[in-house]
Number of protein chains: 4
Amino acid sequence: MIVIAGVHTPEEHIQAIVEVIEKEGLQAHVSRGSDRTIIGLIGSVEPKLAEHLRQMKGVEDVVKISKSYKLASRDFHPENTVISIKGVNIGGGELVVMGGPCAVESAAQIDEIAGLVKAAGAQVLRGGAFKPRTGPYSFQGTGVEGLIMMAEAGQKHDLLTITEVMTPEYVDICAEYADILQVGTRNMQNFDLLRKLGTCGKPVLLKRGFSSTYDEFLNAAEYILAGGNPNVMLCERGIRTFETYTRNTLDLSAIPVLQQLSHLPVISDPSHGTGRRELVVPMTKASVAAGADGLIIEMHTDPDNSMTGDGVQSLFPDQFADLLKDLELLAPAIGKTFHTPSAVS
Amino acid sequence: MIVIAGVHTPEEHIQAIVEVIEKEGLQAHVSRGSDRTIIGLIGSVEPKLAEHLRQMKGVEDVVKISKSYKLASRDFHPENTVISIKGVNIGGGELVVMGGPCAVESAAQIDEIAGLVKAAGAQVLRGGAFKPRTGPYSFQGTGVEGLIMMAEAGQKHDLLTITEVMTPEYVDICAEYADILQVGTRNMQNFDLLRKLGTCGKPVLLKRGFSSTYDEFLNAAEYILAGGNPNVMLCERGIRTFETYTRNTLDLSAIPVLQQLSHLPVISDPSHGTGRRELVVPMTKASVAAGADGLIIEMHTDPDNSMTGDGVQSLFPDQFADLLKDLELLAPAIGKTFHTPSAVS
Amino acid sequence: MIVIAGVHTPEEHIQAIVEVIEKEGLQAHVSRGSDRTIIGLIGSVEPKLAEHLRQMKGVEDVVKISKSYKLASRDFHPENTVISIKGVNIGGGELVVMGGPCAVESAAQIDEIAGLVKAAGAQVLRGGAFKPRTGPYSFQGTGVEGLIMMAEAGQKHDLLTITEVMTPEYVDICAEYADILQVGTRNMQNFDLLRKLGTCGKPVLLKRGFSSTYDEFLNAAEYILAGGNPNVMLCERGIRTFETYTRNTLDLSAIPVLQQLSHLPVISDPSHGTGRRELVVPMTKASVAAGADGLIIEMHTDPDNSMTGDGVQSLFPDQFADLLKDLELLAPAIGKTFHTPSAVS
Amino acid sequence: MIVIAGVHTPEEHIQAIVEVIEKEGLQAHVSRGSDRTIIGLIGSVEPKLAEHLRQMKGVEDVVKISKSYKLASRDFHPENTVISIKGVNIGGGELVVMGGPCAVESAAQIDEIAGLVKAAGAQVLRGGAFKPRTGPYSFQGTGVEGLIMMAEAGQKHDLLTITEVMTPEYVDICAEYADILQVGTRNMQNFDLLRKLGTCGKPVLLKRGFSSTYDEFLNAAEYILAGGNPNVMLCERGIRTFETYTRNTLDLSAIPVLQQLSHLPVISDPSHGTGRRELVVPMTKASVAAGADGLIIEMHTDPDNSMTGDGVQSLFPDQFADLLKDLELLAPAIGKTFHTPSAVS
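- For chain A, the name recorded in an unreviewed UniProt entry is 3-deoxy-7-phosphoheptulonate synthase, with Paenibacillus ottowii as its organism.

## Structural notes on the interface of chain D and chain A
Here is step 1: Each side of the interface is counted separately: chain D has 32 residues, and chain A has 32 residues.
Here is step 2: Buried area between chain D and chain A, both sides added, is near 2,600 Å², and the carbon and sulfur share of it is 51%.
Here is step 3: Our count for the chain D to chain A interface comes out at two salt bridges.
Here is step 4: Among the ionic pairs, Arg240 of chain D bridges to Glu216 of chain A, the shortest N-O distance being 2.6 Å.
Here is step 5: Only α6 (191–197) and α7 (214–226) of chain D provide two or more residues apiece to the side of chain D that touches chain A.
Here is step 6: Residue contributions to the side of chain D that touches chain A peak at six residues, all from α7 of chain D.
Here is step 7: Of the residues that constitute the side of chain D that touches chain A, the class distribution is 12 nonpolar, 12 polar and eight charged.

## Focus on the pattern of salt bridges
Here is step 1: Applying the stated criterion across every chain, the model contains 68 salt bridges over all chains.
Here is step 2: A salt bridge links Asp251 of chain A to Arg208 of chain A; the nearest nitrogen and oxygen atoms lie 2.9 Å apart. Residue Asp251 of chain A is located in the loop between β12 (232–236) and α8 (254–261), and its partner Arg208 of chain A is located in the loop between β11 (204–207) and α7 (214–226); the two are separated by 43 residues in the primary sequence.
Here is step 3: A residue is classified by how much of its surface remains accessible, and Asp251 of chain A, at 0% relative accessible area, is buried.
Here is step 4: Look at Arg208 of chain A and you get buried, because its relative accessible area is 0%.
Here is step 5: Asp75 of chain B is the partner of Lys67 of chain B in a salt bridge, and the nearest nitrogen-oxygen pair spans 2.9 Å.
Here is step 6: Look at Lys67 of chain B and you get partly exposed, because its relative accessible area is 26%.

## Details of the side chain of Ser31 of chain A
Here is step 1: Mapped onto the elements of the fold, Ser31 of chain A is located in strand β2 (residues 27–32).
Here is step 2: With residues up to four places along the chain from it excluded, the contact list for Ser31 of chain A reads Arg36, Thr37, Ile38, Phe76, His77 and Pro78 of chain A.

## Considerations on the relation of the copies chain D and chain A
Here is step 1: In screw terms, the move from chain D to chain A is a rotation of 180° and a rise of 0.0 Å along the axis, fitting with an RMSD of 0.0 Å. The superposition operator between the copies reduces to a two-fold rotation axis. Considering only C-alpha atoms, the part of chain D nearest the rotation axis is Ser211 of chain D, at 3.2 Å.
Here is step 2: Most of the interface of chain D is mirrored in chain A, where 100% of its interface residues are also at the interface.

## Here we look at the confidence of the model for chain A
In regions of low pLDDT, the predicted coordinates are not meant to be interpreted in detail.
Here is step 1: Residues at a pLDDT of 70 or more form 99% of chain A, whose mean pLDDT is 95.
Here is step 2: For this predicted complex, the interface confidence comes out at an ipTM of 0.95, alongside a pTM of 0.95.

## Details of the relation of the copies chain A and chain B
Here is step 1: Mapping chain A onto chain B is achieved by rotating through 180° and translating by 0.0 Å along the same axis, at an RMSD of 0.1 Å.
Here is step 2: When the interface residues of chain A are mapped onto chain B, 100% of them are again interface residues, pointing to one common binding face.

## What to know about the state of the cysteines
Between two cysteines, a covalent bond joining their sulfur atoms is known as a disulfide.
Here is step 1: Scanning the entire structure with this criterion turns up zero disulfides over all chains.
Here is step 2: In this structure Cys174 of chain C is a free cysteine whose sulfur lies 9.7 Å from that of Cys200 of chain C, the closest cysteine sulfur available.
Here is step 3: For Cys174 of chain C, a relative accessible area of 0% translates into the label buried.
Here is step 4: Distance from the sulfur of Cys102 of chain D, which forms no disulfide, to the nearest cysteine sulfur (Cys235 of chain D) is 13 Å.
Here is step 5: Note on Cys102 of chain D: relative accessible area 4%, which makes it buried.

## Some details on the UniProt feature "domain: DAHP synthetase I/KDSA" (unreviewed entry) in chain A
Here is step 1: Mapped onto this numbering, the UniProt entry gives "domain: DAHP synthetase I/KDSA" (unreviewed entry) at residues 81–322 of chain A.
Here is step 2: Helix makes up 36% of residues 81–322 of chain A and strand 17%, whereas the separation of the span's terminal C-alpha atoms amounts to 30 Å.

## A closer look at unusual backbone geometry
Here is step 1: In this structure, Lys86 of chain B is a non-glycine residue whose phi angle is positive, near 45°.
Here is step 2: Looking at the secondary structure, you find Lys86 of chain B in the loop between β5 (83–85) and β6 (88–90).
Here is step 3: A relative accessible area of 68% means that Lys86 of chain B is categorised as exposed.
Here is step 4: The backbone of Asp158 of chain C sits at a positive phi, close to 55°, despite the residue not being glycine.

## Some points on the interface of chain A and chain B
Here is step 1: Facing the 35 residues of chain A at the interface are 35 residues of chain B.
Here is step 2: Between chain A and chain B lies a buried interface of about 2,700 Å² when both sides are counted; carbon and sulfur atoms form 72% of it.
Here is step 3: Note that Arg208 of chain B and Glu243 of chain A form a salt bridge whose closest N and O atoms lie 3.3 Å from each other.
Here is step 4: Linking chain A to chain B there are four residue pairs in polar contact (both at pLDDT 80 or more).
Here is step 5: Mapped by element, the contributors of at least two residues to the side of chain A that touches chain B are α8, α10 (277–290) and α11 (317–333) of chain A.
Here is step 6: Take the side of chain A that touches chain B: its biggest share by element is eight residues, from α10 of chain A.
Here is step 7: Taken together, the residues that form the side of chain A that touches chain B break down as 20 nonpolar, nine polar and six charged.

## Here's the deal with the sheet that holds strand β10 (residues 180–183) of chain B
Residues and elements named next belong to chain B.
Here is step 1: Here we have eight strands rolled up into a closed barrel, ordered β7-β8-β9-β10-β11-β12-β13-β14, and parallel in their pairing. Across this sheet, the average inter-strand angle for adjacent strands is 25°, counted without regard to direction.
Here is step 2: By the bridge criterion, four bridges tie strand β11 (residues 204–207) to strand β12 (residues 232–236) in an arrangement that is parallel. Within the sheet, the bridge partner assigned to Lys207 lies in β12 and is Cys235.

## Brief notes about the packing of aromatic side chains
Here is step 1: Tallying each qualifying case throughout the model produces 12 aromatic pairs over all chains.
Here is step 2: Arranged with centres 5.8 Å apart and planes meeting at 75°, the rings of Tyr245 of chain A and Tyr214 of chain B form a pair that is edge-to-face. On the criterion of chain membership, the pair formed by Tyr245 of chain A in the loop between β12 and α8 and Tyr214 of chain B in helix α7 (residues 214–226) is interchain, its members lying in two chains.
Here is step 3: Judged by its relative accessible area of 23%, Tyr245 of chain A falls in the partly exposed class.
Here is step 4: Over the ring of Tyr245 of chain B we find Arg276 of chain B; its NZ or CZ atom is 3.9 Å from the centre of that ring.

## Focus on the pairing of strand β2 (residues 27–32) of chain C
Residues and elements named next belong to chain C.
Here is step 1: Of the strand pairs in this sheet, β2 and strand β3 (residues 36–42) are connected by six bridges, and their pairing is antiparallel. Looking at the pairing, Arg32 lines up with Thr37 of β3.
Here is step 2: Here β2 folds back onto β3 in antiparallel fashion, the turn holding three residues.

## Regarding the packing of helix α11 (residues 317–333) of chain C against helix α11 (residues 317–333) of chain D
Here is step 1: Interhelical geometry of α11 of chain C versus α11 of chain D gives an angle of 175° and a closest axis separation of 9 Å. When the axis of α11 of chain C is compared with that of α11 of chain D, the two are roughly antiparallel. Note on element contacts: α11 of chain D touches α11 of chain C through Leu329, Leu330 and Ala333 of chain D, opposite Leu329, Leu330 and Ala333 of chain C.
Here is step 2: Of the residues in the contact of α11 of chain C with α11 of chain D, the class split is six nonpolar, no polar and no charged.

## Brief notes about helix α4 (residues 143–156) of chain C
All names here are of chain C.
Here is step 1: Here α4 contains 14 residues, and its C-alpha end-to-end distance of 20 Å stays within 8% of the 20 Å for a straight helix at 1.5 Å per residue.
Here is step 2: Residues Gly143, Gly146, Leu147, Met149, Met150, Ala151, Ala153 and Gly154 constitute the buried set of α4.
Here is step 3: Buried residues along α4 sit in contact with α3 (107–120), β8 (124–126), β9 (160–164) and α5 (171–177).
Here is step 4: At the C-terminal side of α4, Asp158 shows a positive phi close to 55°.

## Considerations on α10 of chain A
Residue and element names in this part refer to chain A.
Here is step 1: Here α10 spans 20 Å end to end across 14 residues, near enough to the 20 Å set by a 1.5 Å rise per residue.
Here is step 2: In terms of residue burial, α10 counts as a mostly covered element, since 12 of its 14 residues are buried.
Here is step 3: Turning to α10, its buried residues are Arg277, Leu279, Val280, Pro282, Met283, Thr284, Lys285, Ala286, Ser287, Val288, Ala289 and Ala290.
Here is step 4: Two residues or fewer after α10 comes Gly291, characterised by a positive phi angle close to 110°.

About the thresholds
Residues numbered from 1 in each chain as written. Chains lettered and ligands numbered in written order. Predicted model: local features only at pLDDT ≥ 70, side-chain atom pairs only at ≥ 80, totals over all residues. Heavy atoms only, no water. Contact = heavy atoms within 4.5 Å. Buried area = accessible area lost by both parts, 1.4 Å probe. Salt bridge = Lys/Arg side-chain N within 4 Å of Asp/Glu carboxyl O. Helix = DSSP H or I, 4+ residues; strand = E, 2+ residues; numbered from the N terminus. Nonpolar A, V, L, I, M, F, W, Y, C, P; charged D, E, K, R; others polar. Buried < 20%, exposed > 50% of the residue type's maximum accessible area, 1.4 Å probe, protein only. Least-squares fit on C-alpha atoms with pLDDT ≥ 70 in both. pLDDT = per-residue confidence, 0-100. Disulfide = S-S within 2.5 Å. UniProt positions renumbered as here; feature names shortened; annotations may be inferred. Polar contact = N/O pair within 3.5 Å; in protein donor to acceptor, adjacent residues only side chain to side chain. Pairing = 2+ DSSP bridges. Axes fitted to C-alpha atoms, helices over the stretch in contact; angles between N-to-C directions. Phe/Tyr/Trp six-rings, centres within 6.5 Å; stacked < 30°, edge-to-face > 60°. Lys NZ or Arg CZ within 6 Å of the ring centre and 35° of its normal. Parallel < 35°, antiparallel > 145°, perpendicular 65-115°, else oblique. Expected span 1.5 Å × (residues − 1).

Okay, here's the thing in structure tokens:
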């Protein structure tokens, strides 16, 4: 249920509403927008309470919300969430690009790639230290060592960093070294991991399960939000369909749908979404035109020898740089901004 | 198999190659490009013939093609096919927009909508006279009468027309009244219909089956091409997945994939691809950014009372006009052109 | 809407009800069961008419049916449909097995296989004369000649015959030579073909579209029933999923679901449903245990050299015979009967 | 790679082979069958080593295995794995039935249901203490308390117990109280959980991810096996498809496929596989006919008021008991055995 109050409702009236709600043992979440204030309730609401709230000062309406997710829904929080990290704003009007290798392989590798990522105009360095692999005999990542290498490369090149965390046990150490924690597609419904991320203190990029509905996706985000962490990005990374030419089918409708249902920023991953280098460029542009707030793109200096064997979906550094220049042209046509260093100079 | 000859190979050498091929009872398809000439062979090629061809004058290489489709493949025909109909070029650098109602309901309805379609800047009027309906008790279209109404509206408003044909028996009459014949998603593998369209003398827009692979799609196009009709457009209109929020999942990767595998123009249908009016605008833009050569979009003056019940995916006239103005901005950022009448004046 | 009358309601009362319905321009379908009589109405029913019917003699209840299909639904026709063809009953308690090659290749081939099919205990000979092929350059079947060869083999070996018809134009000739006409998965929504089959005078086996829902499937059957042909069998033949190890995923839940929603016999096709010979035996048994009324199984004397390349899913004659012996054991455990010739002697 | 030795190869020769393999830093897994002995190697094998092994005493052949999973594959372990727990053998010729509620709700509930499960002839009590729920505000299970209640009910009624574990942290306590640990469909690729289960000392039932391929499924099992736990059961529980009438599509082909590719027992879950009570009975029978080694079936005394809201897929106690009587009839027709208590008396 939500209580709608006017934007000019005095703070004391809002407080009175919150108190009434909390006295009933429910949670109240206040979201102040430019044209109204929403107080969202979580918990089972008695009809009597709804009636009481409706008659309180400042209340314009009391509306039942049927969606199972609350904090993630735009009903509860009508304005876009903008996540600010060290000066980078995700979910505002500026495109955010996250680039880097599938896996952190060595200090030299991640340092070199970080330099190229920065030079191309991206704001975030991506790289996996803990890798989810289909079979137990494949390379499983460089672990904590890799985390540290990436943190150093990010710091040196003035880039935010994002890395995947696979199990609750490693949330704390990942949160120590990275700016953004990523939940992979196979872990979208790893509920103990989501609960732990609710209290980790760092923004989370949650990837959609490769066969998860929008509703399940937003409910997974709700686990993190309900734990107290409001900084969640939703990432479309392709769904599994009958088509085998592409690794996955990148579902770009997810972008406008999620933006309508939720206030959280939406990121697109055309690398996993297609699994083919030659499709990353057109699908990045399509993602932007569909309204994506950001992109996460694999780039590697030597993709044919990448340690995960995923190089086939990694751009070469030149392609990555050219693509970002194209985005600089495309962004304004879609009402967004994006700047590469060359443009600035 | 293809024979590659230099672009400057004299016509008589090309003719000699073709003669050798045809003497073996095979078909030869010549495609002259800007940097080389390709002679594609259809039929079972003996190794001896390949050897002989390799040594003929002008031949640079003889290459085996493993794909099951030939005429549809870019190997056979490296340059883009541009389909020209009364001054409209589909597959060249200009975006082509096809707009109109799901079904032709009356002369007045199609005339009014045609006027709006034209005014917004679209080049083609869409409208179904024969409607494929899930159940036998639903409205099945206005039939030949509807065909005639649409032809008149198209002529009056100087628009090309496109309409669906469902069975071989009706190909001739549809070809008499419409400029482009459309094969619906359920008929993509109606092989007798495809064969008949190979000889109909009109361009064909072939919609992808809602669960058909790219390979099956190109093989379906091959049926039409093999029948002698080179003017085929491929249309992505959404595939069936587990997600039920959208009517279909519009697979935009299909656009660059089909353009790499084939030389045929690729059209996107965001109306059926999403089934929700509010998603048509972002997905149209995403289609253009992904490289689509054209769009087919439902628009209706009274969508809530459309006779097919599909109004929920139809744009209102104002939305349609606004969208086309946005495309005018977007097209140059992606290397295409598109002009609305207001821009010209 | 349906009108429910008692089983002992005299014929004249039923006739009076039918007359009232038909006077309103609607169709009335009478289905007499063992415990009640159902009169199903097709067409748009005014509330007044419903009220009037409710008060007529013999009427126990008048119930609105929300499903879009009517004649196919168990609401309209509560008792199982049993299709009797020359002494073979499909949909009664006896399992019906249809066996034979993917395609009729020659008179000798179909004659030899027919002998083996008969000897193993099957009642129906299957074989394609017109073959739906993904690409235009593949073997397209032996056509009318093949039809005649199969009719002769069927007659000689005292087997019913079933063959696929792909386009309205060929319905009449197929109906002349075969006992059962089959609609392939790609044509499940070829509505003109379905309409033509409604008047063909022969039973029809309708295969489920490889990505069609149960609801779409029953609506497709409704087209045939609404045309006046009550003898329709529903065939589950596998759906398209993300799994590529099998050619399709045989959806055995379809069997009990369709039997609950409809009164039509349900046949299973484990050959196309799996695409792998080694899975045909277990999936045939599973189909029977799930309640299938019959099976359609590919068998070939030389599968490695079959002209369609589908031999990989064809049983060898010995496997086919052994499987039918196993069914003889399994059928009674599931409340059905099946007899092989060896058991009779 | 596998080394094949004759069944009569003396132990000392086998030991010599193992020593050579281990000296190269590889793992050797010996599987003695009735007609040959297989020594499976895990690790990267140099051609030289293969050559050396081929010439050792007792070696009949050295064969490269291309599958990414090793210990799970039938190549490594040709004979069926039979898991014996307190006298119950899973994977031998006797059907194993696991029955019980979706969630352990109270001591009284689980005790009553356990009595009914035992009386019907099942060998294992199922029940969830930790429940994976789509949203954070749903009932999340009774936790450790529930574990204890179920252990007591199992002991009292002489039933094995199976329960789901969701995160590595809880593996030890679940292993303390339950006889079999279950990995749910959403956790099939929770690799840290799988690793932890490799050392838990209890048999594991691994459910297939609802959109996971057979190959991914066997690789997930490989994680547990590679950790040192050989007692893994594979459970088909339905996959996600476009069909929405059923909760999932139970893929029964998985049963014979997994039994061909692997030696591990295969269990079917028709409750989650269909999500509809009325389909559980036919799909249980179909599972047995397809070759399942066991079944896991939801049963509840008051399904309409189940705490998880999953009651709609739970059988009533009478239906459960009747079904098990039917299995007693069906099992012998398929070469298996199953006995209900009534049959014994």
